[in-house]
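Below, each chain spelled out in residue letters.
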Amino acid sequence: MIQTAEQYEFLHKAAFVALVCMKTTVESCDIGERIKFLHTKTKSGLSNMQKEFEAVCGLCQNVDDGHKESDVGDVYQNTSTAVKQQKDRNTKILPHKMYRAQLFKDTSNESDYINAVLISSFRKTRHQILTQLPLPSTVVDFYRLVTQYGVSLAVAFDGDVQSQDYTIGNYFPVSTTEPLTCEPFVISTSEIKRDNILEEQKLTITKTSQEKETHTMSHVKSSIKELDPRKLYQITQKIRSQASKFNGRVLFMCSDGAEWSGLASVLTLLLDRMDHDQRLTVPLVVGAIKSVRPEVISSLSQYEVLYKVLERYHEVTSSYNNVGDVSIVPIIQTRESGPHEDSGNVYANNDVTTAV
């Protein structure tokens, strides 16, 4: 029996989630038909795609309304605007305290704050990180985040505008012969690889303490600027291939810590889900990430490209099957939990997704 207002509110939100996700589960082989349906106009003049996207946004707004204002950016209470600008590129995109990555402090002069949120991946909770490209004043904080949270792969977007954007700090070496020093860290690179869509570096981060702690990480940079499904599919598959080689966390970053980094994060989760089950519920995955970082997948065009990448996934896997491959081996493999990780199948089909 419902006895409190909180219980009633919970049931209302649960019902809203079920309604939004109703009949939205899509099989890999049916993605093309699903896209045709979503492009169909309704009596209101809106496409089914737009109605689905607005429903997901409404769901996230419904969840966000339950958060107190002090939950977002609470670290900034009684803090001047000048200090805010030293930590955040966009002070309207702040981490909710429930999901933010909190830094450990070696000294009392350090802050535990960085504009970064922890996202659950397909197999592990809190396995992905969404953050902004480092500001000149947060480069050290960025490497504190990388080393403390065991990041083994960092994926950067918008980084190609670094020379024109003074708000992006110099955070990685430009050559194999010139290490970057940002006390207490020295960052060096042993190799730089480039292709038509990505630039990859192997970074070694040495903390100049008495123990000289060393951490290695792969840094991948993309210069993509348009929502091209083919390029996004290629990039996502390369990211997933890289991530499968490591045990640590995967970090996605872009200028605002939401637009491109959020899109890449969602795409990896969708393809992981599709690899495992050959079926998924797009609104549920998108809604789960937007509840952590509401600014992720903020436009209808971004939402639409998710389906187009899934369609590309089906085309590619089908073509492999047609030439005689027995099966398509999933890119993401089971890993051991790292020191900062919780294991668990986060996006397993729950009652809601099974019912729909």
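Residues numbered from 1 in each chain as written. Predicted model: local features only at pLDDT ≥ 70, side-chain atom pairs only at ≥ 80, totals over all residues. Heavy atoms only, no water.

### Describing the pairing of strand β5 (residues 151-157)
Extensive coverage of β5 is indicated by the burial of seven of its seven residues. The pairing of β5 with strand β10 (residues 249-254) spans five bridges and is classified as parallel. Within β10, the position partnered with Ala156 by the bridge is Met253. Of the pairings in the sheet, the one linking β5 to strand β9 (residues 213-222) comprises five bridges and is parallel in character. Paired with Leu153 across the bridge in β9 is Ser218. (Buried < 20%, exposed > 50% of the residue type's maximum accessible area, 1.4 Å probe, protein only. Helix = DSSP H or I, 4+ residues; strand = E, 2+ residues; numbered from the N terminus. Pairing = 2+ DSSP bridges.)

### Quick word on the side chain of Lys87
Following the sequence through the fold, Lys87 ends up in helix α4 (residues 81-87). For Lys87, a relative accessible area of 18% gives the class buried. A distance of 2.5 Å separates the side chain of Lys87 from the side chain of Asp141, its partner in a polar contact. (Polar contact = N/O pair within 3.5 Å; in protein donor to acceptor, adjacent residues only side chain to side chain.)

### Some remarks on the sheet that holds β5
Pairing is mixed across the open sheet formed by eight strands, whose spatial order is β2-β4-β10-β5-β9-β8-β7-β6. The open sheet terminates on both sides in strands that have one partner only, identified here as β2 (116-119) and β6 (180-182). Adjacent strand axes in the sheet meet at a mean angle of 25° when their direction is disregarded. Docked against the sheet, helix α5 (residues 139-148) engages β2, β4 (128-132), β5, β6, β7 (185-194), β8 (198-207), β9 and β10, running at close to 80° with respect to β7. (Axes fitted to C-alpha atoms, helices over the stretch in contact; angles between N-to-C directions. Contact = heavy atoms within 4.5 Å.)

### Things to note about the side chain of Gln128
Relative to the elements of secondary structure, Gln128 occurs in strand β4. Setting aside anything within four residues of it in sequence, one finds Gln128 in contact with Val117, Leu118, Ile119, Ser121, Val250, Phe252, Ser265, Thr268 and Leu269.

### Let's talk about helix α2 (residues 31-39)
Side chains three or four residues apart in an α-helix point the same way, a direct result of the helix having 3.6 residues per turn. Listed as buried for α2 are Ile31, Arg34, Ile35 and Leu38. Summarising the axial view, the buried residues of α2 lie within an arc of 100°, below the 170-degree limit, and thus occupy one face. Across from the buried face of α2, at angles greater than 90 degrees, the exposed residues are Glu33 and Lys36. (Arc of directions from axis to C-beta.)

### A short note on the nonpolar core
Ranked by internal contacts, the top residues of the largest apolar core, which has 53 residues, are Val282, Ile297, Tyr303 and Leu306. Here this core takes nine residues from helix α7 (residues 259-277), the largest share from any one element. Look past the residues within four positions of Tyr303 in its chain and what remains in contact with it is Met49, Glu52, Phe53, Val56, Val282, Pro283, Val286 and Ile297. Grouped together as the second largest cluster of nonpolar side chains are 28 residues, Ala116, Leu118, Ile129 and Leu133 included. (Core = buried A, V, L, I, M, F, W, Y, C linked by side-chain atoms within 4.5 Å.)

### Some points on the packing of aromatic side chains
Tallied over the entire structure, the rule returns eight aromatic pairs. Between Phe142 and Tyr171, the aromatic rings sit 5.5 Å apart at their centres with planes inclined by 70°, giving edge-to-face as the arrangement. Highlighted residues: Phe142 in helix α5 and Tyr171 in the loop between β5 and β6, separated in sequence by 29 residues. Phe142 gets classed as buried once you look at its relative accessible area, which sits at 2%. Overall, the relative accessible area of 1% leaves Tyr171 in the buried class. On the basis of an interplanar angle of 75° and a centroid distance of 4.8 Å, the ring pair of Tyr171 and Phe172 is categorised as edge-to-face. Comparing Tyr171 with Phe172, the two get one shared label, buried. A connected cluster of aromatic rings, assembled from ring pairs, spans Phe142, Tyr143, Tyr171, Phe172 and Phe185. (Phe/Tyr/Trp six-rings, centres within 6.5 Å; stacked < 30°, edge-to-face > 60°.)

### Quick notes on the environment of Lys207
If you trace the backbone, Lys207 turns up in strand β8. Look at Lys207 and you get buried, because its relative accessible area is 19%. Sequence separation of Lys207 and Glu183 is 24 residues, and the distance between their C-alpha atoms is 8.0 Å. In contact with Lys207, not counting residues within four places along its chain, are Asp106, Pro184, Phe185, Lys212 and Glu213. Here Asp106 takes part through its side chain, which lies 2.6 Å from a polar atom of the side chain of Lys207.

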